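# Working through the structure, step by step
Take a look at the letters that make up each chain.
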Amino acid sequence: MKTLTKIAVVITAGLLIQGCVSRTAYRKLEDRYNADVNALNAHIKDLGSANQAVSQENQNISFELNKLKLKNEELLHKSRVDDETLTRIKERIIQKLQGLTGEDIFVTSEGRLEIQGEVL
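Residues numbered from 1 in each chain as written. Predicted model: local features only at pLDDT ≥ 70, side-chain atom pairs only at ≥ 80, totals over all residues. Heavy atoms only, no water.

A few words on the overall build of the protein chain. Broken down by element type, the protein chain carries two helices and two strands. Looking at the protein chain as shown, the accessible area adds up to about 11100 Å², and 59% of this sits on carbon and sulfur atoms. (Helix = DSSP H or I, 4+ residues; strand = E, 2+ residues; numbered from the N terminus. Areas by Shrake-Rupley, 256 points an atom, 1.4 Å probe, with all protein chains shown as cover.)

So this is what it looks like as structure tokens:
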């Protein structure tokens, strides 16, 4: 029985010794771990800064887009007003020319006026 106990103690001691790492190896692993954690924290901080810069740029672009949309609406409105003004002017010209010539005046698809008959 004593022999069996001695063998169990020797096996247990061997397993304990084999499962442990030296203090130097542990310190190297710990230093490597801490360096990796610090590098990851620095990378996370850089990503946060980059994210803030992209968010600010996105806000600036959204602001510019809204300004351009307003300018586009303004130009569309001006275009409609100009088209209406041109149509009224064209109608007045046609009425005055028909009054002078007594002939029918036609507007072509290209926007030109054609007077039927002799005007001069």
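A contiguous nonpolar surface patch, about 260 Å² in accessible area, is contributed by L86, I89 and I93. Tracing the backbone through its elements, the reader meets I89 in helix α2 (residues 23-101). Given a relative accessible area of 38%, I89 falls into the partly exposed group. (Patch = residues over 30% accessible without salt bridge, like charges linked within 9 Å, V, L, I, M, F, W, Y side chains within 5 Å. Salt bridge = Lys/Arg side-chain N within 4 Å of Asp/Glu carboxyl O. Buried < 20%, exposed > 50% of the residue type's maximum accessible area, 1.4 Å probe, protein only.)

So, about the pattern of salt bridges. Counted under the stated rule, the structure contains four salt bridges. A salt bridge links K78 to D82; its shortest N-O distance comes to 3.3 Å. With K78 and D82 both in helix α2, this residue pair falls four residues apart, about one helical turn. Classification of K78 by relative accessible area gives partly exposed; the value is 47%. By relative accessible area, which is 34% here, D82 ends up partly exposed.

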